[in-house]
Amino acid sequence: QVQLVESGGGLVQAGGSLRLSCAASGRTFSNYPMAWFRQAPGKEREFVAAISWSGYNTYDADSVKGRFTISRDNVKNTVYLQMNSLKPEDRAVYHCAAVARGYYSGSYYSTRADEMDYWGKGTLVFVSS
């Protein structure tokens, strides 16, 4: 009932920046906690960043803390991942996901893939050395 479409991926040099977008459609988006995950070739999917539905509560994985910023615009039904100081190890397919299984406070967020109810198909980020 919710479709998530990522965009903004591409090729960037190490140290550069990209901003990923995840556009939601099909149902009200504003009350869903959201998160970004990534999966590199040959590696397991890992959590990147999470945000509450209010947009005021966020959490970043240690591997990206200080470099990536998750945000959202509920008017535009879009969540963003601003990625700065990109490293080759950031290369992966980035997926956005939504928690839609219940009601949540404005401060709630989740870092667990198994709590996500909707997933986008992903956008590829390639960071060259």
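A brief report on the enclosed structure follows.

## A look at the state of the cysteines
Consideration 1: Going through the model one piece at a time under the given rule, you end up with 1 disulfide.
Consideration 2: Disulfide partner of Cys22: Cys96, at an S-S distance of 1.8 Å. For the disulfide bridge between Cys22 and Cys96, the dihedral angle about the S-S bond is near 55°, and by the sign convention the bridge is right-handed. Remark: Cys96 occurs in strand S9 (residues 92–98) and Cys22 occurs in strand S3 (residues 18–25); sequence separation between them is 74 residues. As far as the burial class goes, Cys22 and Cys96 line up, both buried.

## What to know about the pairing of strand S8 (residues 78–83)
Consideration 1: For S8, the buried fraction is high: 5 of the 6 residues fall into the buried class.
Consideration 2: Looking at chain direction, strand S7 (residues 68–73) and S8 are connected through 6 bridges and run antiparallel. When the bridges of S8 are listed, Ser71 appears paired with Tyr80.
Consideration 3: A loop of 4 residues connects S7 with S8, the two strands running antiparallel in sequence, and Asn77 in this loop sits at a positive phi of about 55°.

## Details of the nonpolar core
Nonpolar side chains tend toward joint burial in soluble globular proteins.
Consideration 1: Counting 38 residues, the largest nonpolar core has Leu4, Trp36, Leu81, Met83 and Tyr94 as the members making the most contacts within it.
Consideration 2: Within the residue set of this core, elements represented by two or more residues are S3, strand S4 (34–39), strand S5 (46–51), S7, S8, S9 and strand S11 (123–128).
Consideration 3: Once residues within four sequence positions are removed from consideration, Leu4 is found in contact with Cys22, Ala23, Ala24, Met34, Cys96, Ala97, Ala98, Tyr118, Trp119, Gly120 and Lys121.

## Topic: unusual backbone geometry
Consideration 1: With a phi close to 55°, Asn77 is a non-glycine residue in the positive phi region.
Consideration 2: A residue is classified by how much of its surface remains accessible, and Asn77, at 25% relative accessible area, is partly exposed.
Consideration 3: Even without being glycine, Ser85 reaches a positive phi, approximately 50°.

## Observations regarding the pairing of S5
Consideration 1: With 5 of its 6 residues buried, S5 lies for the most part within the structure.
Consideration 2: Connecting S4 to the antiparallel partner S5 that follows it, the hairpin turn spans 6 residues, and Gly42 within it adopts a positive phi of roughly 80°.

## What about the sheet that holds S7?
Consideration 1: The strand order across the open sheet formed by 4 strands is S1-S3-S8-S7, and the pairing between neighbours is antiparallel. The open sheet has two edge strands, strand S1 (3–7) and S7, and neither has a second partner. Mean inter-strand twist for the sheet, computed between neighbouring axes without regard to direction, equals 15°.
Consideration 2: Pairing analysis gives 6 bridges linking S3 to S8, with the strands arranged antiparallel. Looking across to S8, one finds that Leu18 is bridged to Met83.

Cut-offs and rules
Residues numbered from 1 in each chain as written. Predicted model: local features only at pLDDT ≥ 70, side-chain atom pairs only at ≥ 80, totals over all residues. Heavy atoms only, no water. Disulfide = S-S within 2.5 Å. Helix = DSSP H or I, 4+ residues; strand = E, 2+ residues; numbered from the N terminus. Buried < 20%, exposed > 50% of the residue type's maximum accessible area, 1.4 Å probe, protein only. Pairing = 2+ DSSP bridges. Core = buried A, V, L, I, M, F, W, Y, C linked by side-chain atoms within 4.5 Å. Contact = heavy atoms within 4.5 Å. Axes fitted to C-alpha atoms, helices over the stretch in contact; angles between N-to-C directions.

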